[in-house]
Amino acid sequence: MSIKIRPITPADKPRWLELFKEYIVFYESKLSDEQYELTWKRINSDFNITGLLAEKDGQVVGFTHYIFRPSTWEVEDFCYLEDLYVDPKVRGGGVGRALIKAVEEIAIAKGSKRLYWTTAPDNETARKLYDKVAITNRVQYKIFLNQ
């Protein structure tokens, strides 16, 4: 059972949308149909969001979205892994690790000095993986605007 990581293509929209909606529900959030469509268009254009899919046995089972952003601390952009989701039926099989590794390799090739992401404190399944592949040395604060 090999895992293949590849860029998202326009033909992937139905499965990507299914997984992305599951991801949004997992985080107890809601997006409008317009936002799903906007995100899809951004991933498939020259906008600064890129997406990768994971395939296992020929089936799409996960995705990640990442963004390069300027930094005040480095000349090269930092890479923010914004979303990562793996179908619950295949979790624990290396898909999440493979997606992170693929983004890490892309960031290194671009000269980025940092790959980072956030997750919910109670996302224990993901945190078990994240604690193996990365360090935690910051706390995120946020203010929700215009609600």
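Relevant structure appears above.
Residues numbered from 1 in each chain as written. Predicted model: local features only at pLDDT ≥ 70, side-chain atom pairs only at ≥ 80, totals over all residues. Heavy atoms only, no water.

Taken N-terminus to C-terminus, the directions of helix α1 (residues 13-26) and helix α2 (residues 33-43) make an angle of 125°; their axes are 11 Å apart at the nearest point. It follows from the interaxial angle that α1 and α2 lie oblique. Both α1 and α2 take part in a crossing whose hand is right-handed. For the pair α1 and α2, contact is made by K13, W16, L17, F20, K21 and I24 and by Y36, E37, T39, W40 and I43, respectively. Of the residues in the contact of α1 with α2, the class split is seven nonpolar, one polar and three charged. (Axes fitted to C-alpha atoms, helices over the stretch in contact; angles between N-to-C directions. Helix = DSSP H or I, 4+ residues; strand = E, 2+ residues; numbered from the N terminus. Parallel < 35°, antiparallel > 145°, perpendicular 65-115°, else oblique. Left-handed = near helix turned anticlockwise from the far one by under 90°. Contact = heavy atoms within 4.5 Å. Nonpolar A, V, L, I, M, F, W, Y, C, P; charged D, E, K, R; others polar.)

In this section: α2. Within the sequence span of α2, burial applies to Y36, T39, W40 and I43. The buried residues of α2 occupy an angular sector of 100° when projected down its axis, which confines them to one face. In α2, the exposed residues that point more than 90 degrees away from the buried face are E34 and K41. In this fold, the buried residues of α2 make contact with α1, β2 (50-56) and β3 (59-69). (Buried < 20%, exposed > 50% of the residue type's maximum accessible area, 1.4 Å probe, protein only. Arc of directions from axis to C-beta.)

Of all hydrophobic cores here, the largest spans 20 residues; its most connected members are V95, L99, I100 and Y130. Examining the composition of this core, we find that six residues originate from one element, helix α3 (residues 95-110), more than from any other. Apart from the residues within four sequence positions on either side, L99 is in contact with I5, L52, L53, A54, G62, F63, T64, L84, Y85 and V86. Within the second largest apolar cluster, 15 residues are counted, among which are Y36, W40, L53 and V60. (Core = buried A, V, L, I, M, F, W, Y, C linked by side-chain atoms within 4.5 Å.)

Turning to the packing of aromatic side chains, a few remarks are in order. Using the criterion set out here, one finds 13 aromatic pairs in the structure. Plain terms: the ring middles of W16 and W40 are 4.9 Å apart, the flat faces sit at 45° to each other, and that makes the pair tilted. Linking W16 in helix α1 with W40 in helix α2, this pair joins segments that are 24 residues apart in sequence. Residue class for W16 comes out buried when judged on its relative accessible area of 0%. Residue W40 is classed as buried on the basis of its relative accessible area, which comes to 7%. The interplanar angle of 80° and the centroid separation of 5.6 Å between the aromatic rings of Y23 and F63 together place this pair among those described as edge-to-face. Of this pair, Y23 sits in helix α1 while F63 sits in strand β3, and the two are 40 residues apart along the sequence. (Phe/Tyr/Trp six-rings, centres within 6.5 Å; stacked < 30°, edge-to-face > 60°.)

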